[in-house]
Amino acid sequence: MIGMGQMRLKPPVETLVFRGVLPPGAELTALREVVELRLAFDLALADRVVECRRGRDRPALAQLVQQMQDHAAAGRNFLQEDRRFHTELLAPVGNQLMEQLGTAFWDIHSAVLPRLGLALPADIMGTTRAHADMLAAAPSGAIEAYRAATVEHYDPLLRMLCRGAAADDA
């Protein structure tokens, strides 16, 4: 029997990427579903993240937020910085399965999004502000502010995917 520390999610991730990339016309729906799962996952972990981050200042996370803001202001995506932010944010929770699931969601997201050719949302700066708000709320122990910032983080991306799906349907 494989222990939890030895379990790897690479095969299921590859299957989900394969599913999300190949069905004609279903890429937007598949990615929206992954993003909705990421949101649910992040909200489910909110209490633990805030508990583990309370009183901890992380300059590396602040630097990632600044990089995301710089990229967004220049009209560039910031998937790598965003991924590192979330990986670092979850690290103190110390749950390997949670880390692997978070990475799996990111792998799917990162593989599918560029294939869609969607423009960055006009309100992408809202995503960067939400990261800054998450970063401020977690060490202060402000769980409701953290949850609100988490929802704000995903709003521009979900709106973009919904608009893209609506345009495809038209």
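Undergrad: Pulling in residues and values, what's your account of the overall build of the protein?
TA: Broken down by element type, the protein carries eight helices and zero strands. A separation of at least 24 residues holds for 80% of the contacts in the protein among residues at least 6 apart in sequence.

Undergrad: Give me the packing of helix α2 (residues 27–44) against helix α6 (residues 96–116): which residues, what numbers.
TA: Between two packed helices, the angle of one axis relative to the other and the distance separating the axes together describe the packing. Two elements in contact, α2 and α6, have axes separated by 10 Å at closest approach and are oriented at 150°. By the angle class used here, α2 and α6 are roughly antiparallel. The handedness of the crossing between α2 and α6 is left-handed. On α6, the residues touching Glu27, Leu28, Leu31, Val34, Val35, Leu37, Arg38 and Phe41 of α2 are Met98, Leu101, Gly102, Phe105, Trp106, Ile108, His109, Val112, Leu113 and Leu116. In terms of residue class, the contact of α2 with α6 is built from 14 nonpolar, two polar and two charged.

Undergrad: Tell me about the side chain of threonine 128, residues and numbers included.
TA: By the element assignment, threonine 128 lies in helix α7 (residues 124–140). From its side chain, threonine 128 meets the backbone oxygen of methionine 125 in a polar contact 2.7 Å long.

Undergrad: So what's going on with α6? Which residues, and what values?
TA: Given 3.6 residues to a turn, an α-helix orients residues that are three or four positions apart in the same direction. With 21 residues, α6 should cover 30 Å at 1.5 Å per step; its first-to-last C-alpha distance of 31 Å lies within 8% of that length. What α6 keeps buried is the set Gln100, Gly102, Ala104, Phe105, Trp106, Ile108, His109, Ser110, Val112, Leu113 and Leu116. Sitting at the amino-terminal end of α6 is asparagine 95, which places a side-chain oxygen 3.0 Å from the backbone nitrogen of leucine 97. A positive phi of about 65° marks glycine 117, the residue just after α6.

Undergrad: Residues and numbers for the pattern of salt bridges, please.
TA: Here the structure, examined in full by the defined rule, presents seven salt bridges. Its salt-bridge partner being arginine 147, residue aspartate 47 comes within 2.6 Å of it at the nearest N-O pair. Of the two residues, aspartate 47 is situated in helix α3 (residues 46–53) and arginine 147 in helix α8 (residues 143–169); the sequence distance between them amounts to 100 residues. Accessibility expressed as a relative area gives 24% for arginine 147, which makes it partly exposed. Salt-bridge contacts for aspartate 107 lead to arginine 83; the nearest nitrogen and oxygen are separated by 2.7 Å. Within this pair, whereas aspartate 107 is found in helix α6, its partner arginine 83 is found in helix α5 (residues 79–90), the two being separated by 24 residues in sequence. By relative accessible area, aspartate 107 is classed as partly exposed at 28%. A cluster of three or more residues bridged by salt bridges with shared partners is formed by Asp47, Glu144 and Arg147.

Undergrad: How would you explain the nonpolar core if you had to name every residue and give the values?
TA: Considering soluble globular proteins, one finds that nonpolar side chains tend to be buried as a cluster. Of all hydrophobic cores here, the largest spans 24 residues; its most connected members are Val49, Leu61, Met68, Phe85, Leu89, Met134 and Tyr146. In contact with methionine 68, not counting residues within four places along its chain, are Phe78, Glu81, Asp82, Phe85, Thr128 and His131. Core analysis: the second largest hydrophobic core is formed by 16 residues, Leu31, Val35, Trp106 and Val112 among them.

Definitions and cut-offs
Residues numbered from 1 in each chain as written. Predicted model: local features only at pLDDT ≥ 70, side-chain atom pairs only at ≥ 80, totals over all residues. Heavy atoms only, no water. Helix = DSSP H or I, 4+ residues; strand = E, 2+ residues; numbered from the N terminus. Contact = heavy atoms within 4.5 Å. Axes fitted to C-alpha atoms, helices over the stretch in contact; angles between N-to-C directions. Parallel < 35°, antiparallel > 145°, perpendicular 65-115°, else oblique. Left-handed = near helix turned anticlockwise from the far one by under 90°. Nonpolar A, V, L, I, M, F, W, Y, C, P; charged D, E, K, R; others polar. Polar contact = N/O pair within 3.5 Å; in protein donor to acceptor, adjacent residues only side chain to side chain. Expected span 1.5 Å × (residues − 1). Buried < 20%, exposed > 50% of the residue type's maximum accessible area, 1.4 Å probe, protein only. Salt bridge = Lys/Arg side-chain N within 4 Å of Asp/Glu carboxyl O. Core = buried A, V, L, I, M, F, W, Y, C linked by side-chain atoms within 4.5 Å.

Without other data, these values stay purely geometric and don't point to any function.
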